[in-house]
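Survey of secondary and tertiary structure
Residue strings, one per chain:
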Amino acid sequence: MDSIKFNHAYLQDAFSIAGPLEKEGKIRDFDLELDDYYYHEKTFELAEVKMQRVVIEQLLMKNHLIEKDIHYLIGGDLSNQISVSSYAARYYKIPFLGVYSACACFVEAVLLGAKLVDGRSKKRALVVTSSHNLNAEKQFRFPIEYGALKPKTTTFTATGCVGALICQEGKIRIEGATIGKVVDMGIQDATNMGAVMAPAAASVLYQHLQDFKRNVDDYDLILTGDLGSVGSALFREYLKRTYHISMMNHMDAATEIYKTEQDTYAGASGPVALPLVLFNLVLKSHRYQKILIIGTGSLHSPTFVNQKESIPAISHAVSLEVLS
Amino acid sequence: MNQDEYQKLVKQFTPKERKFKNAVVSFLVGGCIGFVGQIFVTILTENYHLGMIEASSWLCLFLILFASVLTALGFFDTWVTKGKAGFIIPTTGFAHSITSAALDYKKEGLITGLGSNFFKLAGSVILYGIISAFFFAVLGVIFYG
């Protein structure tokens, strides 16, 4: 069994920062919106570190907590050696775990946080994840100002940072989780990450339903991370053909962030895409009670892509229940 | 579903690129740059009595400056995404690739950042440009003496 059931783990609070393009998109009223990519720092890398720090500090302040009240800090991002999270964590005296599963970071962090907190009274975990479009461009693609022509399957790394507080009480119960397996369907194209990740998302969804003996209709919403328009279509088709599951309650975070005229190809990507949509659209709408979030990560590095290796993908699922 | 079947499915779901439209746009944009360049060369040769080679060199320098300044100001990448290869094929694309890499790495030091990454994209053009120039020169000598 690849799944975990939690007894007492809740999402108590969350804080979101959205970048300059994201705040002009479909979702409005993020907790904090940035006007420029530098965020008053010298480099984009430092700007992303600052985003994580602000999120951590805002969460502490809003909930009247001090560093000592947080027992675990779990952070993840896209930068090499997950340096953004580590450089942000150096400012706090909180035991730190750095996680990497590309754009599935947030779900992995929530899963770990819930496991660490579950059943242990007064324990709190703070999970934080971020991505910065220009840092990702520089690391994974071309220099920032280089106008490379991109195919329509490309996704656009969202800029932003989201943190969440996991503890023993709250209104959103973290009910269960399924840890995904790495899936590689032989796709080599790093500009089509939706196609790389779709089978991994389908596999973890199937595993989750098997382990918990449920079917898709038991959830009001199945929210995938950043499959994008191409990946979402592939995900649904793959589910139908391989596992004979069809669903009407699927939403993909990637396609909910930007407007069509913002010209972001197949939609948003990055670990921050899913939590931005979860906390600022899905939960604020009060329309859904049982939500399954599926983080999707394409685990490639430019080196392996250049060596013509096919790209492995990972997906983790966490089921949430909104208590009324 | 096995890997081959999945890859077929991916192909089926991948949106088609509008190659013909892109080619036409590139042709027109590239053509316009060529047209402006020709006016520039004509002015230099007619009004300033420069030779053809000198005038072409000035044009090249002008295009490089034009692309680099616009890259630094942040316009050029948007233009390239709209004007396609029309902006890349002339010297402008080469200058653009160097300036954009330089901008990216200037904060990482003059040697370890800017210096080592300056030709990140343009390196291939220079290397294979020189190699092919060598072979074409050899062919030229063989056929035309």
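Residues numbered from 1 in each chain as written. Chains lettered and ligands numbered in written order. Predicted model: local features only at pLDDT ≥ 70, side-chain atom pairs only at ≥ 80, totals over all residues. Heavy atoms only, no water.

Residue and element names in this part refer to chain A. The tally for this structure, following the rule as stated, stands at 11 salt bridges over all chains. One salt bridge connects R241 with E237, and the closest N-O pair in it is separated by 2.9 Å. Of the two residues, R241 and E237 are both situated in helix α6 (residues 228-243); the distance of four residues between them amounts to about one turn of the helix. By relative accessible area, which is 19% here, E237 ends up buried. One connected set of salt bridges, linked through shared partners, spans K5, E175 and R214. (Salt bridge = Lys/Arg side-chain N within 4 Å of Asp/Glu carboxyl O. Helix = DSSP H or I, 4+ residues; strand = E, 2+ residues; numbered from the N terminus. Buried < 20%, exposed > 50% of the residue type's maximum accessible area, 1.4 Å probe, protein only.)

A few words on the domain arrangement of chain A. Residue and element names in this part refer to chain A. One can read the domain layout of chain A as domain 1 (7-167) and domain 2 (172-322). Here domain 1 and domain 2 have C-alpha centroids that lie 18 Å from each other. Tallying the contact residues gives 51 residues for domain 1 and 50 residues for domain 2. Of the roughly 4,100 Å² buried between domain 1 and domain 2, counting both surfaces, carbon and sulfur atoms make up 68%. Inspection of the domain 1/domain 2 interface yields zero salt bridges. Linking domain 1 to domain 2 there are 15 residue pairs in polar contact (both at pLDDT 80 or more). (Domains from an automatic or database assignment. Contact = heavy atoms within 4.5 Å. Buried area = accessible area lost by both parts, 1.4 Å probe. Polar contact = N/O pair within 3.5 Å; in protein donor to acceptor, adjacent residues only side chain to side chain.)

End to end, helix α8 (residues 122-144) of chain B covers 31 Å across 23 residues, agreeing with the expected 33 Å (1.5 Å per residue, within 8%). One or two positions beyond α8(B), positive phi appears at B:G145, with a value near 75°. (Expected span 1.5 Å × (residues − 1).)

Once that is clear, we can look at the interface of chain A and chain B. Each partner contributes to the interface: chain A provides 31 residues, whereas chain B provides 33 residues. Of the roughly 2,700 Å² buried between chain A and chain B on both sides combined, carbon and sulfur atoms contribute 64%. One can count one salt bridge joining chain A with chain B. A salt bridge links A:K138 to B:E108; the nearest nitrogen and oxygen atoms lie 2.7 Å apart. Where chain A packs against chain B, one counts 12 residue pairs in polar contact (both at pLDDT 80 or more). In the side of chain A that touches chain B, the residues fall into 18 nonpolar, six polar and seven charged. (Nonpolar A, V, L, I, M, F, W, Y, C, P; charged D, E, K, R; others polar.)

This part is about a nonpolar patch on the surface. Side chains of B:L127, B:Y128, B:I131, B:F134, B:F135, B:F136, B:V138, B:L139, B:I142, B:F143 and B:Y144 sit close together on the surface and give an oily, nonpolar patch of about 1,300 Å² of accessible area. Counting through the fold element by element, B:F135 comes out in helix α8. (Patch = residues over 30% accessible without salt bridge, like charges linked within 9 Å, V, L, I, M, F, W, Y side chains within 5 Å. Areas by Shrake-Rupley, 256 points an atom, 1.4 Å probe, with all protein chains shown as cover.)

Residue and element names in this part refer to chain A. In this structure, the second largest pocket encloses a volume near 510 Å³. Along the wall of the second largest pocket there are 27 residues; nearest its centre are F140, R141, A190, T191 and H300. For the lining of the second largest pocket, the secondary-structure elements that each account for two or more residues are α4 (133-140) and α9 (302-306). With three residues, α9 is the single largest residue contributor to the lining of the second largest pocket. If you count residues domain by domain, the lining of the second largest pocket takes at least three from each of domain 1 (7-167) and domain 2 (172-322). (1 Å grid on protein atoms, 1.4 Å probe; cavity = no way out; pocket = protein on both sides within 12 Å on 5 of 7 lines; lining within 4 Å. Points joined across faces, edges and corners; volume = space filled by probe spheres on them.)

A separate point is the environment of A:Y91. All names here are of chain A. Along the chain, Y91 falls in the loop between α2 (83-89) and β5 (96-98). Here the alpha-carbon distance between Y91 and F212, two residues 121 residues apart in the chain, equals 40 Å. If sequence neighbours within four positions are ignored, Y91 has contacts with V49, R53 and E67. For Y91, the side chain forms a polar contact with the side chain of R90, separated by 3.2 Å.

Looking now at the nonpolar core. In this structure, A:I174, A:L223 and A:L278 are the most contacted members of the largest nonpolar core, which totals 49 residues. Here this core gathers at least three residues from each of two domains, domain 1 (7-167) and domain 2 (172-322) of chain A. Residues in contact with A:I174, not counting those within four places in the same chain, are A:F6, A:A9, A:Y10, A:L11, A:V110, A:A114, A:I166, A:V318, A:S319 and A:L320. Listed in part, the 35 residues of the second largest apolar core include A:A195, A:M197, A:I311 and B:V10. (Core = buried A, V, L, I, M, F, W, Y, C linked by side-chain atoms within 4.5 Å.)

This part is about unusual backbone geometry. Its identity as a non-glycine residue notwithstanding, A:D29 has a phi of 60°, on the positive side. Tracing the sequence through the fold places A:D29 in the loop between β2 (10-18) and β3 (32-33). The class of A:D29 is exposed, set by a relative accessible area of 58%. Unlike most non-glycine residues, B:H49 shows phi in positive territory, near 55°. Position of B:H49 among the secondary structure elements: in the loop between α2 (19-47) and α3 (52-73).

Turning to the packing of aromatic side chains, a few remarks are in order. Overall, the coordinates contain 15 aromatic pairs over all chains when judged by the stated rule. Both rings, one in A:Y206 and one in A:Y243, keep their centres 4.3 Å apart while their planes meet at 15°; by these two values the pair is stacked. Residue A:Y206 is located in helix α5 (residues 193-211), and its partner A:Y243 is located in helix α6; the two are separated by 37 residues in the primary sequence. Of the residues examined, A:Y206 reaches a relative accessible area of 29% and is grouped as partly exposed. With a centroid separation of 5.1 Å and an interplanar angle of 85°, the aromatic rings of B:F118 and B:F119 are classed as edge-to-face. Among the residues examined, B:F118 registers a relative accessible area of 28% and is labelled partly exposed. B:F119 sits in the partly exposed class, given a relative accessible area of 42%. In this structure an aromatic cluster arises from ring pairing among B:F40, B:F62, B:F66, B:F76, B:W79 and B:F87. Above the face of the A:Y39 ring, A:K50 is positioned so that its terminal group lies 4.4 Å from the ring centre. (Phe/Tyr/Trp six-rings, centres within 6.5 Å; stacked < 30°, edge-to-face > 60°. Lys NZ or Arg CZ within 6 Å of the ring centre and 35° of its normal.)

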